[in-house]
Amino acid sequence: MRFYSQSLAFLTYSWGLLTISFAVSLPAQASIVCEPGTIINYANNSLAGCILGQDMTVQLSSANAGTSNFPCRAKSYISFDDKGQFQSCQLAQEIEIKENNSLTKCPADYRVSVSVSNNGTFSINCSPY
């Protein structure tokens, strides 16, 4: 039992290190691995998007909406708004979207698009890629 607990703790810690966090109120300030030659920037030189070089998890947090994780697939396009906030990516694995009092599943390989209102509420859209 102790070995299982230690293994689970190590696995959880390791997964946490691999997660990249983005705060809703701040622009993305994390390292994003993009495929060479795929980077597109806005006029203000912030990242508009690129093709991911590796899987990554984007985490959005808001006092009003809580925290949402989006596992984005390598070799697919990820996009940001001109303020550096995450907008969309192709999912690497299925996620559940909580909206009002219902849960909706968004399958792996679907595109998830996120917009954030002025009050910090997420609007999440799931569509076939």
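Residues numbered from 1 in each chain as written. Predicted model: local features only at pLDDT ≥ 70, side-chain atom pairs only at ≥ 80, totals over all residues. Heavy atoms only, no water.

**Student:** Mind laying out the nonpolar core, listing which residues take part and the relevant values?
**Tutor:** Phe 70, Cys 72, Ile 78 and Phe 86 are the most contacted members of the largest nonpolar core, which has 21 residues in total. When residues of this core are traced back to their parent elements, those giving at least two are strand E4 (56-62), strand E5 (66-72), strand E6 (77-80), strand E7 (86-90), strand E8 (95-99), strand E10 (111-116) and strand E11 (122-127). In terms of residues, this core owes the most to one element, E4, which gives 3 residues. In this structure Phe 70 touches Met 56, Thr 57, Val 58, Leu 60, Phe 86, Ile 95, Val 112, Val 114 and Ile 124, once residues within four positions along its chain are discounted. (Core = buried A, V, L, I, M, F, W, Y, C linked by side-chain atoms within 4.5 Å. Buried < 20%, exposed > 50% of the residue type's maximum accessible area, 1.4 Å probe, protein only. Helix = DSSP H or I, 4+ residues; strand = E, 2+ residues; numbered from the N terminus. Contact = heavy atoms within 4.5 Å.)

**Student:** Run through the environment of Tyr 77, naming residues and quoting values.
**Tutor:** Summarising the element assignment, Tyr 77 is placed in strand E6. The partly exposed category is assigned to Tyr 77, whose relative accessible area is 28%. Apart from residues no more than four positions distant in its own chain, Tyr 77 is found in contact with Ile 40, Ala 48, Gly 49, Cys 50, Ile 51, Ser 88, Cys 89, Gln 90, Arg 111 and Tyr 129.

**Student:** Provide a residue-level description of the state of the cysteines, including the pertinent values.
**Tutor:** Enumeration according to the criterion identifies 3 disulfides in this entry. One disulfide bridge connects Cys 34 with Cys 50, the sulfur atoms lying 2.1 Å from each other. On the sign convention where negative is left-handed, the bridge of Cys 34 and Cys 50, at about -65° about the S-S bond, is left-handed. You can see Cys 34 sitting in the loop between strand E1 (20-23) and strand E2 (40-41) and its partner Cys 50 sitting in strand E3 (residues 47-51), a full 16 residues away along the chain. Take Cys 34 and Cys 50: they sit in the same class, and that class is buried. Disulfide pairing is shown between Cys 106 and Cys 126; the S-S distance is 1.9 Å. (Disulfide = S-S within 2.5 Å.)

**Student:** Could you give an account of the pairing of E11, with specific residues and numbers?
**Tutor:** Bridge count between E10 and E11: 6 bridges; the pairing is antiparallel. Note that in E11 the partner of Arg 111 across the bridge is Ser 127. Connecting E10 to the antiparallel partner E11 that follows it, the hairpin turn spans 5 residues, and Gly 120 within it adopts a positive phi of roughly 90°. (Pairing = 2+ DSSP bridges.)

**Student:** Can you lay out the pairing of E5 for me, pointing to particular residues and giving the numbers?
**Tutor:** Across 7 bridges, E4 lies against E5 in antiparallel orientation. Across the sheet, Gln 59 pairs through a bridge with Asn 69, a residue of E5. Hairpin connection between E4 and E5: a loop of 3 residues separates the two successive antiparallel strands.

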